[in-house]
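# Survey of secondary and tertiary structure
One-letter residues, chain by chain:
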Amino acid sequence: MLISLFILTGCSNPEGVGLDVDPEDAISGTLVDSSTVFSSTVREDSLMTTGLSRYPLGFMRDPVFGTTEANLAMTLNLPDTEISFGTAPVLDSAVLVLRYADFYGDSTGTVYQVDVHQLQDALSPSGPYFNTYVHQFNSTVIGSKRVPRVRIKDSVTVQDIIKDKADGTKKLPAHLRIAIDPAFITANVLNAGDALKSNSAFHEFFKGLYVTVNKQQTSGPGGVFYFDFRTEGASGLELYYKNTKDSKVDTTSQTLQITPGTSSPVAAHFVHNYAGTPVEAALNGAHQTSSVTYVQGLAGLRTKVTFPYLTNLKSLGNVTVNKAELVVDVEGGENPFTPLPRIFLYRTDIAGQKQLFPDVSDLDFRSVTDVEFGGFFNSTRKRYKFSVTAYVQDIINGKLKQFDAYIAAADLLADKGSATSPTGLVAGRSVLGGFANPSVKMKLNIFYTSANN
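In this text, all values refer to a predicted model and were calculated from it rather than measured experimentally.

## With respect to the environment of Ala419
Along the polypeptide, Ala419 turns up in the loop between strand S22 (405-409) and strand S23 (429-433). For Ala419, a relative accessible area of 2% gives the class buried. Between the alpha carbons of Ala419 and Ala408 there is a distance of 8.4 Å; along the sequence they are 11 residues apart. When near neighbours in sequence (up to four residues on either side) are disregarded, Ala419 contacts Phe344 and Ala410.

Below, the structure written as structure tokens:
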């Protein structure tokens, strides 16, 4: 303690000392706020969507971010055993079942209309299908569902068809049920003939389904559904039909499952339209010190940040950084478009390749956990924080050369390795304060000691 006291006595005290600091975060050292933060809004990179852990579908009207839509192209798979509809099958009904995984947006004030079409071409197992890929589909609507209220936690009671026995009912986890045109299913499934002998033959014959939210028939701010296609039996096309066996007519069922994989891909298509919005103005501007910047999921937007004057701290002598944190205030974010639960900060190298900050890299002995590194939304203080102590120290010491860094949307549960990539798993957005903003700011707090030799 005595040694620390002597060091503090000899600290340099540059102009600008005095940024606010949380009492719980207080540590010994001089606080400098002369490190300017430049920030600007840029478009996010595209991402491959055939490997998502959950799949988005929706449409949103946001006064700040414009319109966002997410559409789904999906392959249906035959049961594991060879499928047979028996003698003289007659379809009772066909229902596309999509199990809910999550939802973002307006769940009570928007009436959604979900439409189903047939793809014109089967999805290729070799892909790749990025979020920008435009899938061609037939204009005829083969199924439609009005959703006046989103209930992603309410179980659903459905009829339980039991072969050769009396039917009953069962409760299933919350899901969306869309009735599909019986004539279409009869022609393209029950009467598919030799196409039912293998998945590959069926995929080529049936093509697949394209699901979209009808923008013209959807009122209100809108939102984005997320569906679970990974859990076995969670989602698929349920067929209920009658056939004849031993002169007896029985009702039975088959399910063509949605199980994303190499041979049965599912892909998502995202469209962001910023026309006439503050975001469009930000993208068209070249302001390094914007008053606000924007971050958006579904491979929408990210914020580029740089700290141009960090090396000036070298003039203070032998500087030891006790703590450095990037504090990012959030503007607005009221319901239904709440701020992102998590954002992530990463840097780039001389080749423009994405790299982790040393503070969170497993290759650095000073690294901390993902939680300690930060980026999780503090709803009380309406801000995010990142711990960048090791990074600032390395810049000052010349161990690292500074290139552009980025703040991007991240899935709440993503590991730090995948958090540097664009995400299709969150649809939220955040408006971030800038360095020059008088009320909501982006600031770099640096606590340091300097021993003058």
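## Quick word on the pattern of salt bridges
Throughout the structure, instances matching the rule amount to 17 salt bridges. Two residues, Asp62 and Arg429, come together in a salt bridge whose shortest N-O distance is 2.6 Å. Of this pair, Asp62 sits in strand S3 (residues 55-62) while Arg429 sits in strand S23, and the two are 367 residues apart along the sequence. By relative accessible area, which is 8% here, Asp62 ends up buried. With its nearest N and O atoms 2.9 Å apart, the salt bridge here joins Lys242 to Asp92. Of the two residues, Lys242 sits in strand S13 (residues 236-245) while Asp92 sits in strand S5 (residues 87-105), which places them 150 residues apart along the sequence. The exposure class of Lys242 is partly exposed, given its relative accessible area of 32%. For Asp92, a relative accessible area of 37% corresponds to the partly exposed category.

## Structural notes on empty space enclosed by the protein
In total, this model carries four cavities of 30 Å³ or more according to the counting rule given. Taken together, Met60, Asp62, Phe65, Gly66, Thr68, Tyr104, Gln296, Phe337, Ala427, Gly428 and Arg429 form the lining of the largest cavity. If you list the elements that add at least two residues to the lining of the largest cavity, you get S3 and strand S4 (66-74).

## Describing the packing of helix H2 (residues 182-190) against helix H3 (residues 199-206)
Each pair of packed helices gets described by two things: the angle between the helix axes and the distance between those axes. Interaxial distance between H2 and H3 falls to 10 Å at its minimum, and their mutual angle equals 140 degrees. Taken as axis vectors, H2 and H3 run oblique relative to one another. The two elements H2 and H3 cross, and the hand of that crossing is right-handed. Contacts between H2 and H3 pair Phe184, Ala187, Asn188 and Val189 from the former with Phe202, Phe205 and Phe206 from the latter.

## Section: the pairing of strand S19 (residues 343-348)
Within S19, six of the six residues are buried, which leaves it mostly tucked inside the rest of the structure. Alternating positions in S19 separate into two faces, Ile343, Leu345 and Arg347 on one and Phe344, Tyr346 and Thr348 on the other, with burial throughout. Pairing of S19 with S22 involves five bridges; the strand directions are antiparallel. In the sheet register, Leu345 faces S22, and the bridge partner there is Ile407. Sheet topology note: the S19/strand S20 (residues 354-355) ladder contains two bridges and is antiparallel.

## Brief notes about the environment of Tyr112
Along the chain, Tyr112 falls in strand S6 (residues 112-118). In this structure Tyr112 touches Phe59, Phe103, Asp106, Lys145, Arg146, Val147, Val150, Thr218, Gly222, Gly223 and Phe225, once residues within four positions along its chain are discounted. Separated by 2.5 Å, the side chain of Tyr112 and the backbone oxygen of Asp106 make a polar contact. Within the structure, Tyr112 has its side chain in polar contact with the backbone oxygen of Gly222 (distance 3.4 Å).

Definitions and cut-offs
Residues numbered from 1 in each chain as written. Predicted model: local features only at pLDDT ≥ 70, side-chain atom pairs only at ≥ 80, totals over all residues. Heavy atoms only, no water. Helix = DSSP H or I, 4+ residues; strand = E, 2+ residues; numbered from the N terminus. Buried < 20%, exposed > 50% of the residue type's maximum accessible area, 1.4 Å probe, protein only. Contact = heavy atoms within 4.5 Å. Salt bridge = Lys/Arg side-chain N within 4 Å of Asp/Glu carboxyl O. 1 Å grid on protein atoms, 1.4 Å probe; cavity = no way out; pocket = protein on both sides within 12 Å on 5 of 7 lines; lining within 4 Å. Points joined across faces, edges and corners; volume = space filled by probe spheres on them. Axes fitted to C-alpha atoms, helices over the stretch in contact; angles between N-to-C directions. Parallel < 35°, antiparallel > 145°, perpendicular 65-115°, else oblique. Left-handed = near helix turned anticlockwise from the far one by under 90°. Pairing = 2+ DSSP bridges. Polar contact = N/O pair within 3.5 Å; in protein donor to acceptor, adjacent residues only side chain to side chain.

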